[in-house]
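Here is how the chains run, residue by residue.
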Amino acid sequence: GGSSNIIMSAETGIDSTTTTTTNTLSTILLQHNLIPKPLPPITNNIASALLTILYVKTVLEIGTFIRVKFDVPELSRKFVHFAACSIVLFWPLFDVSHWGWRLNVTVPVVMSLRLLYKVSERVR
C-alpha cells in the first residue's frame, strides 16, 4: 500500500485522495496486464467517458428490449432508472490530475439534452 494525502482543490471544492495505488482506468488495466504502460491522463479520461457512454447505451437497449419483448413498460422504466443511477460507479475511473476528468458529466448532459429534444418534438 502507498501513503495517502488528502488534497482539497480550491477550484473545485472536491476532496481527492492521492495514493500510489489509485483506481483509475489506467491503473486497473495495468494491474490486469492489459496495457504495457500507464495511459496519459487525458487518454484515461476519454476512455472512461467512452466506457460510461457504452454503459448507458447498453442500459437503454436492455430497457427497450424489456419493454418490447415482455410488454411491461413499468418494469422497463424501473430497470433503466435503477441501472442509470449506477453511472456513479464509473466516476472513480477518471484521473483528476487532468481537466479531462470533467468529461464524466458528458453523459448526463447529453442524455438530458436528448430527453428535452424528444419532449419538444412531442409538443409540436
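Residues numbered from 1 in each chain as written. Predicted model: local features only at pLDDT ≥ 70, side-chain atom pairs only at ≥ 80, totals over all residues. Heavy atoms only, no water.

Trainee: What exactly am I supposed to notice about a positive patch on the surface here?
Mentor: Taken together, the side chains of Lys57, Arg114, Lys118 and Arg122 present a region of like positive charge at the surface. Broken down by element, the positive patch gets its largest block of residues, 3 residues, from helix H4 (residues 106–123). Position of Lys118 among the secondary structure elements: in helix H4. (Patch = residues over 30% accessible without salt bridge, like charges linked within 9 Å, V, L, I, M, F, W, Y side chains within 5 Å. Areas by Shrake-Rupley, 256 points an atom, 1.4 Å probe, with all protein chains shown as cover. Salt bridge = Lys/Arg side-chain N within 4 Å of Asp/Glu carboxyl O. Lys, Arg positive; Asp, Glu negative; His and termini not counted. Charge placed at Lys NZ, Arg CZ, Asp CG, Glu CD. Helix = DSSP H or I, 4+ residues; strand = E, 2+ residues; numbered from the N terminus.)

Trainee: What's the story with the side chain of Asn45 in this structure? I'm lost.
Mentor: Relative to the elements of secondary structure, Asn45 occurs in helix H2 (residues 41–70). Note on Asn45: relative accessible area 0%, which makes it buried. Those residues in contact with Asn45 that lie beyond four places of it in its chain are Phe94, Asp95, His98, Gly100, Trp101 and Leu103. (Buried < 20%, exposed > 50% of the residue type's maximum accessible area, 1.4 Å probe, protein only. Contact = heavy atoms within 4.5 Å.)

Trainee: Please clarify how the packing of H2 against H4 should be interpreted in this entry.
Mentor: Angle between the axes and distance between the axes are the two parameters that describe a pair of packed helices. The contact between H2 and H4 brings their axes to 10 Å, and the two run at 40°. On the basis of the axis angle, H2 is oblique to H4. Taking contact as the criterion, the partners of Ala49, Thr52, Ile53, Val56, Lys57 and Leu60 in H2 are, on H4, Val107, Met111 and Arg114. Of the residues contributing to the contact of H2 with H4, the split by class is 6 nonpolar, 1 polar and 2 charged. (Axes fitted to C-alpha atoms, helices over the stretch in contact; angles between N-to-C directions. Parallel < 35°, antiparallel > 145°, perpendicular 65-115°, else oblique. Nonpolar A, V, L, I, M, F, W, Y, C, P; charged D, E, K, R; others polar.)

Trainee: Help me out: how do you make sense of the pattern of salt bridges in this one?
Mentor: One side chain can pair with another of opposite charge once the charged atoms of both are near each other. Counted by the stated rule, this structure contains 2 salt bridges. The salt bridge involving Arg77 is made with Glu74; its shortest N-O contact spans 2.6 Å. On the criterion of helical spacing, the pair formed by Arg77 and Glu74 is a turn pair, its members being 3 residues apart in helix H3 (residues 73–84). Taking the relative accessible area as the measure of exposure, Glu74 reaches 41% and is therefore partly exposed. Close ionic contact of Lys78 with Glu74 constitutes a salt bridge, the shortest N to O distance being 4.0 Å. Of this pair, Lys78 and Glu74 both sit in helix H3, 4 residues apart, which is roughly one turn of that helix. Residues joined by salt bridges that share partners form a network here, namely Glu74, Arg77 and Lys78.

Trainee: Explain the environment of Asn104 here, please?
Mentor: As for its position among the elements, Asn104 is in the loop between H3 and H4. Taking the relative accessible area as the measure of exposure, Asn104 reaches 11% and is therefore buried. Sequence separation of Asn104 and Trp91 is 13 residues, and the distance between their C-alpha atoms is 6.5 Å. Here Asn104 is in contact with Trp91 and Phe94, once residues within four sequence places are set aside.

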